[in-house]
Amino acid sequence: MSNNNCPKFSDKELITIYFWGKAQQLPTRKAIYRLVKQTMLDTFPDLPSYQAFCRRLNWLAPAFQALTEIWQEHLVAKTGDSHAYVVDSCPIILARGRRSGHGKVARELCSAPPIAWDTTCRS
């Protein structure tokens, strides 16, 4: 019933642009958006604003999860390797400010804070 149920810029175009940007090793959504806007506006004349671009990407998170599962199944079928490895290098902030020196969350997994205002997990 929405008046935007058939947007001019399709989800297929959005996913294609995002994957293309990642293949170009662009680090952020903003970098992907800027490059597409500067170089491919004739290919994607209905490119939405950056805010709408990000909002639509967030709404499509389940589609990316489904694609990941499909690709993983194909990879396992192709290689025969049933092991999956996930690596996350982002620190997890457990405490800030006054509590950074004596946080009580996951002490067995974390080291002492490298600086006074941040306690990050080092596992």
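For every chain, the first residue of the written sequence is number 1, and numbering continues from 1 along that sequence. Only residues with pLDDT of 70 or above have their local features reported here, since the model is predicted, and side-chain atom pairs are shown and tallied only from 80 upward, although totals for entire chains, interfaces and linings are computed over all residues. Side-chain measures here rest on the full set of heavy atoms in the structure, leaving out hydrogens and waters.

Asks: So what's going on with helix α3 (residues 50-59)? Residues and values would help.
Replies: Burial classes follow relative accessibility: with a 1.4 Å probe on protein chains only, a residue under 20% of its type's maximum area counts as buried, one over 50% as exposed, and anything between as partly exposed. Under the scheme used here, helices are H or I runs from DSSP no shorter than 4 residues and strands are E runs no shorter than 2 residues, and both carry numbers assigned from the N terminus. Those residues of α3 that sit buried are A52, F53, C54, R56 and L57. Close packing links the buried residues of α3 with α1 (11-23), α2 (29-39) and α4 (61-79). Here, two residues are considered to be in contact whenever any of their heavy atoms come within 4.5 Å of each other.

Asks: Pulling in residues and values, what's your account of the packing of aromatic side chains?
Replies: Each aromatic pair joins two rings of Phe, Tyr and Trp (for Trp, the six-membered one) with centres within 6.5 Å, and gets the label stacked for planes under 30 degrees apart, edge-to-face for over 60, and tilted for any other angle. Going through the model one piece at a time under the given rule, you end up with seven aromatic pairs. Ring geometry for F19 versus W71: centroids 5.3 Å apart, planes at 55°, classification tilted. A residue pair is termed long-range when its members are at least 10 positions apart, and F19 in helix α1 and W71 in helix α4 qualify at 52 residues. Accessibility expressed as a relative area gives 28% for F19, which makes it partly exposed. Judged by relative accessible area, W71 falls into the partly exposed class, the value being 46%.

Asks: Could you give me a rundown of the environment of A106, with the residues and numbers involved?
Replies: Its place among the elements puts A106 in the loop between β1 (93-96) and β2 (118-120). In sequence terms A106 and L94 are 12 residues apart; their C-alpha atoms lie 8.3 Å from each other.

Asks: Pulling in residues and values, what's your account of α1?
Replies: Multiplying 1.5 Å by the helix residue count minus one yields the expected span of that helix. For α1, spanning 13 residues, the distance from its first C-alpha to its last is 18 Å, which sits close to the expected 18 Å at 1.5 Å a residue. By the burial criterion, the buried members of α1 are L14, I15, I17, Y18 and G21. Taken end-on, α1 shows its buried residues confined to a sector of 160°, consistent with a single buried face. The exposed set on the far side of α1, more than 90 degrees from its buried face, consists of K12 and A23. Looking at the buried positions of α1, the neighbouring elements they touch are α2, α3 and α4. One or two residues past the end of α1 sits Q25, with phi positive at roughly 60°. The arc in question is traced by the directions running from the helix axis to the C-beta atoms.

Limitation: the analysis is restricted to geometry and does not speak to function.
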